Amino acid sequence: MLLVVAVLVFALLRFAPGDPAAIMAGDAATAEQIAQIRAGLGLDRPLVVQFGIWLGKVLSGDLGESFYFRIKVATLIGQRLEPTFALAALTMVIAVLVSVPLGVLAAWRHGGWLDRALMGFSVLGFSVPVFVLAYLLIWLFSLELGWLPVQGYARIADGIWNFLRHLILPATTLSVIYIALIARVTRAAVLEALGEDYIRTARAKGLPERRVLVRHALANAAVPIATVIGIGIAILIGGVVVTESVYAIPGLGRLTVDAVLARDFPTIQGVILFFSLVYVAVNLLIDLSYVFLDPRIRY
Amino acid sequence: MRRLAFAAAALAVFSLATAQGKVLRVVPHSNLNILDPIWTTQYMARNHGYMVYDTLFGTDEKNRIQPQMVASWTESPDHRLWSFTLRPGLTFHDGKPVTGEDVVASLERWGKRDAMGQKLMTFVERMDAPSANTFRIFLREACGFVLEALGKPSSNVPFIMPKRVAETPADKQIDDATGSGPYIFVKEEFKPGDRAVYVKNPKYVPRKESPSGTAGGKHVYVDRVEWNLALRDAQAQVNALKQGEVDILEQPAFESYPPLQADKNIQVVNSNPLGFQYMCRFNHLYAPFNNQKVRQAALAAMAEEPFLRAQVGIKEFYRTCPSMFTCGTPYGSPKGSDIQSKSNMRKAQELLKSSGYDGTPVVLMKPTDLASIQKLPDVAAQLLRQAGFKVDLQAMDWNTVVTRRVKKDPPAQGGWNMFCTAWVAPDIWNPLANPAVSGLGEKSWFGWPTDAELEKLRDEFARGTDEARKKVLAEAIQARAFEIGTHVPLGEYVNPLAARRNISGFVTGPGNLYWNIKKN
């Protein structure tokens with residue numbers, strides 16, 4: 001699969017408009033200078049040769065070197081991993097902590113005010129653009145109240161409080177859409193489980209309602225919820241460009257966009273391969289988690 | 001116990017702040033992705049160059065060339081031998097002294113990349129360094145722009161590097177940012193797309209003169225300058241400056257000025273009063289702009305004011321300028337500009353009718369992601385349509401424009417007819433620096449006009465040593481450029497920086513210069 005991705009990405013980039021040499025040379029460069037740069041980057045060689053060289057390196061674990069920064073693509077990705085993983089992790093922690101109980105409660109009180117409010121919130125969560133929500137949160141918590149910084153990222157090594165202060169707004173912004181998504185899926189899955197015979201049996205046995213909801217309904221609804229959470233993590237790591245831009249977080253999303261705009265072919269190829277790998281790994285983990293979440297599933 | 005803990009924490013914070021010293025936090029106008037200011041003409045690479053490297057000469061606020069690394073120089077009576085002596089005490093960041101050999105190697109590399117440098121090298125017979133602190137330039141014949149070239153303030157600036165670095169082939173990027181400038185680049189802290197860090201060079205010996213433009217004493221009053229490369233959203237930049245999370249925004253978006261000017265903690269400073277000039281460029285290779293009369297019709301249609309109003313919008317930030325060379329500089333003149341400056345739409349329509357224009361659509365490239373110029377093509381399309389042109393306005397990102405303008409294919413096969421851009425003043429302020437007034441055909445800047453008369457005049461200008469004669473020649477060059485329609489100048493604008501009130505000492509220059517800046 002990764003080989004297919006590699007071929008596709010390579011071909012798409014080479015056939016898309018855009019010449020990195022012209023971009024790198026600057027506004028006042030002559031055609032001759034641009035041709036020199038193109039030759040220096042190896043872009044004047046036949047495509048098959050370029051692909052062969054790149055693939056050979058990839059197979060030996062080398063993603064190549066950025067045209068611009070002249071450092072290893074793996075190093076560039078490494079520099080951006082912490083902000084992206086941290087943002088993704090905190091976002092999903094907030095999203096799961098809020099959405100799963102909400103979804104369970106909405107299913108439990110199906111048709112009641114809480115259920116309707118949750119559905120309304122879900123529509124809102126899906127509909128409000130991320131940047132609008134981001135600006136609103138910045139306006140309130142940073143500009144008006146002055147509680148949190150407007151922008152930037154602080155490494156965990158710089159102190160946990162500083163790290164959290166910088167990440168709480170972007171993570172909250174991003175989590176809204178995931179809260180909406182996971183809460184809806186949780187509600188639907190728990191609602192379905194609540195109609196099953198074993199729930200009636202559990203209630204008939206006199207089990208407390210909380211135990212019925214958590215140990216019986218939610219446990220049986222866990223597979224679709226875990227699937228959505230997994231996909232959410234993969235999407236988050238694959239780049240949340242708008243959030244990273246508004247909050248000036250130097251993550252993988254911005255790296256990807258910068259590389260695409262600059263036609264930095266090795267970097268684009270490298271990050272897309274990396275994202276593919278993450279998708280494969282996350283999907284594998286989700287599949288493996290099914291065994292623990294539902295003992296009936298065997299591989 | 002709690003008080004003791006608080007005191008300890010406060011002490012720790014204070015110690016940290018003291019250890020870091022004064023940090024100037026800057027949001028540059030763009031991303032820094034190439035660190036070789038000779039290899040590329042990108043302005044961010046130039047600004048990085050001014051932090052790290054020093055120059056032989058500088059250009060002061062009144063656009064006069066002044067010595068910088070050079071202590072003294074002489075010119076032979078026949079103007080063919082130039083001898084220079086370096087200031088004492090010049091050292092590179094690695095502690096080694098700057099020598100004439102370093103200078104010669106740096107000039108040789110620059111002369112292979114920069115357009116003005118290449119022109120200078122056509123006059124240079126050889127260069128040498130007779131002693132450690134001197135160097136000489138031997139010319140085949142006299143030329144009138146030796147000092148202008150060496151003191152060139154914008155891309156590519158002839159920055160002086162150690163010989164071992166300057167010996168890197170001109171078509172390869174350098175790996176080593178060792179310079180002798182007022183700041184030292186902290187390579188270990190450079191994270192592309194995130195931040196670039198410079199620390200004060202404690203060994204730098206500034207000149208005694210007051211700082212002026214890229215000349216004068218480069219005194220450093222902060223310990224560290226951090227370029228925030230991640231903060232690129234216009235609104236987020238404003239918010240960060242308002243909250244004091246950054247100290248300087250180099251180029252706020254035009255729509256950001258009202259809230260910035262309304263904030264009492266923020267100052268708007270015009271440190272580049274000559275500013276920038278907009279222009280639209282014709283492709284002379286293909287119809288309809290391979291016809292001089294059609295180009296004149298377009299010139300007549302494209303009055304400057306509508307472009308400036310639409311793109312800049314703030315009256316005090318723009319000015320019409322009937323010159324292809326920056327207004328307010330020695331060669332700025334209205335000579336020959338009547339076709340554009342005194343024209344109107346009816347005249348444009350008449351000119352187009354008499355030109356034999358056959359309705360070939362004008363492929364006009366519009367960058368959608370570059371806020372500073374993205375409205376120009378819309379205005380151009382509207383004015384050209386009013387004049388009777390058919391216009392095919394094609395939207396794309398700026399880097400696609402940059403890529404496509406290199407192509408010499410017909411417009412229907414991926415080529416183009418027109419694009420618009422902006423230049424900082426020193427890049428266009430004389431006939432040698434301004435790439436748009438060249439008539440060298442396929443060797444010219446994109447658009448490739450061919451005109452022997454224009455080239456003859458430019459050559460004479462290059463050879464001229466009498467300033468009055470050079471002014472006459474510059475006017476003749478401009479008149480000829482308007483006559484054949486090399487391009488359409490669209491007026492000038494400034495894009496002042498915004499800074500916190502506690503920042504002072506801004507130096508006027510083509511880019512943003514970070515010496516003499518104080519943070520209280």
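Residues numbered from 1 in each chain as written. Chains lettered and ligands numbered in written order. Predicted model: local features only at pLDDT ≥ 70, side-chain atom pairs only at ≥ 80, totals over all residues.

Novice: Would you explain helix H4 (residues 47-59) of chain A in this entry?
Specialist: An α-helical turn contains 3.6 residues, so a residue and the one three or four places further along point in the same direction. Compared with the 18 Å implied by 1.5 Å per residue over 13 residues, the 18 Å span of H4 of chain A between its first and last C-alpha is a close match. Taken from the residues just after H4 of chain A, Gly-61 of chain A is the one with a positive phi, measuring 85°. (Helix = DSSP H or I, 4+ residues; strand = E, 2+ residues; numbered from the N terminus. Expected span 1.5 Å × (residues − 1).)

Novice: Would you explain the interface of chain B and chain A in this entry?
Specialist: Where interface size is given, it is often the accessible area lost as the parts come together that is meant. At the interface, 38 residues of chain B touch 40 residues of chain A. Of all the secondary-structure elements, those providing two or more residues to the side of chain B that touches chain A are helix H7 (234-242) and helix H14 (398-404) of chain B. (Contact = placed C-beta atoms within 7 Å.)

Novice: Explanation requested: the domain arrangement of chain B in the structure shown.
Specialist: All names here are of chain B. Examined at the domain level, chain B breaks down into domain 1 (34-173) and domain 2 (276-493). The C-alpha-based centres of domain 1 and domain 2 are spaced at 31 Å. Across the boundary between the two partners, domain 1 contributes 14 residues, which contact 13 residues of domain 2. Take the side of domain 1 that touches domain 2: its biggest share by element is 3 residues, from helix H4 (residues 115-121). Here the residues of the side of domain 1 that touches domain 2 sort into 7 nonpolar, 6 polar and 1 charged. (Domains from an automatic or database assignment. Nonpolar A, V, L, I, M, F, W, Y, C, P; charged D, E, K, R; others polar.)

Novice: Mind showing me how you'd approach the domain arrangement of chain A here?
Specialist: Residue and element names in this part refer to chain A. Under the domain assignment, chain A is made up of domain 1 (2-59) and domain 2 (80-293). If you average the C-alpha positions of domain 1 and of domain 2, the two centres end up 37 Å apart. Contact with domain 1, which involves 11 residues of that partner, is made by 10 residues of domain 2. When contributions to the side of domain 1 that touches domain 2 are tallied by element, the ones reaching two or more residues are helix H1 (2-15) and helix H2 (20-25). Looking at the side of domain 1 that touches domain 2, the element that brings in the most residues is H1, giving 6 residues. Class assignment of the residues belonging to the side of domain 1 that touches domain 2 gives a composition of 9 nonpolar, 1 polar and 1 charged.

Novice: Even after reading the chapter, I still don't get the sheet that holds strand S8 (residues 134-139) of chain B, so can you show me in this structure?
Specialist: What links the strands of a sheet is backbone hydrogen bonding, and the strands pair in either a parallel or an antiparallel sense. Residues and elements named next belong to chain B. What the 4 strands build is an open sheet, ordered S5-S6-S8-S7; its pairing is antiparallel. Two strands close off the open sheet at either side, each with one partner strand: strand S5 (70-75) and strand S7 (124-128). Adjacent strand axes in the sheet meet at a mean angle of 15° when their direction is disregarded. Those strands touched by helix H3 (residues 100-113) are strand S6 (81-86), S7 and S8, and its axis lies near 40° from that of S8. (Pairing = 2+ DSSP bridges. Axes fitted to C-alpha atoms, helices over the stretch in contact; angles between N-to-C directions.)

Novice: Whenever I open this one, the confidence of the model for chain B confuses me. Can you help?
Specialist: Any region with low pLDDT has predicted coordinates that should not be read closely. Residues and elements named next belong to chain B. On average, residues of chain B score 92 in pLDDT, and 96% of them reach the 70 mark or higher. Contacts of residues 1-19 to residues separated by more than four positions or lying in other chains number 0 contacts, the stretch itself having pLDDT below 50. Across the whole predicted complex the pTM is 0.86, and at the interface the ipTM reaches 0.81. (pLDDT = per-residue confidence, 0-100.)

Novice: Please explain the sheet that holds strand S21 (residues 497-500) of chain B as it appears in this structure.
Specialist: All names here are of chain B. The strand order S10-S11-S12-S1-S13-S21-S14 describes an open sheet built from 7 strands, whose pairing is mixed. The strands lining the two open edges of the sheet, one partner per strand, are strand S10 (183-185) and strand S14 (266-269). As paired elements, strand S13 (residues 248-249) and S21 share 2 bridges and run antiparallel to each other. In the strand pairing of S21, Leu-249 is matched with Ala-498.

Novice: Explain the packing of helix H5 (residues 73-108) of chain A against helix H8 (residues 160-194) of chain A here, please?
Specialist: How two helices sit against one another is set out by the angle between their axes and by the gap between those axes. Residue and element names in this part refer to chain A. Relative orientation of the contacting elements H5 and H8 amounts to 35°, with a least axis distance of 6 Å. Crossing geometry of H5 relative to H8 is assigned as right-handed. When grouped by side-chain class, the residues that make up the contact of H5 with H8 number 24 nonpolar, 6 polar and 1 charged. (Left-handed = near helix turned anticlockwise from the far one by under 90°.)

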